[in-house]
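The lines below spell out each chain.
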Amino acid sequence: MGSLPAKVLGTVIAKSERGATAIEYGIMVALIAAVTVATVTVLGNNLSGLLLRIAAQL
């Protein structure tokens, strides 16, 4: 009987940690997506400029 409160508390903490973990993973995925979009945008602009300079020299 004495371990019932400990089991209930452990279950509540485990659910709380799972929710926190899901939020942390969501934030990480959002940051990775933002960095990826920024990188592709910058590289795309640089590549576009390079190709335009090459085309002008031809």
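Counting of residues starts from 1 at the beginning of each chain's written sequence and follows it residue by residue. Local features in a predicted model are, by the rule used here, given only for residues with pLDDT of at least 70; side-chain atom pairs are given and counted only at 80 or more, and totals for whole chains, interfaces and linings are based on all residues. Values reported for side chains reflect all heavy atoms of the structure, with hydrogen atoms and water molecules removed beforehand.

Draft legend 1. Layout of the overall build of the protein. Numbering of helices and strands starts at the N terminus; helices are DSSP runs of H or I of at least 4 residues and strands are runs of E of at least 2. Each helix and strand in the protein was counted, giving one helix and zero strands. Going through the 58 residues of the protein one by one, you find that 0% of them count as buried. Here the accessible surface of atoms and residues is derived via Shrake-Rupley with a 1.4 Å probe, and residues count as covered only by protein chains that are part of the display. Accessible surface, the protein as shown: approximately 5100 Å² in total, 74% of it carbon and sulfur. Burial status follows relative accessibility: with a 1.4 Å probe on protein chains alone, a residue under 20% of its type maximum counts as buried, one over 50% as exposed, and anything between as partly exposed.

Draft legend 2. Molecular detail of a nonpolar patch on the surface. On the surface, a nonpolar cluster with roughly 530 Å² of combined accessible area is contributed by L47, L50, L51, I54 and L58. Relative to the helices and strands, L50 is located in helix α1 (residues 4-57). Patch membership needs two things, relative accessible area over 30% and no salt bridge, and members are linked within 9 Å if like-charged or within 5 Å if nonpolar (Val, Leu, Ile, Met, Phe, Trp, Tyr). The term salt bridge refers to a pairing of a side-chain nitrogen on Lys or Arg with a carboxyl oxygen on Asp or Glu at a separation within 4 Å.

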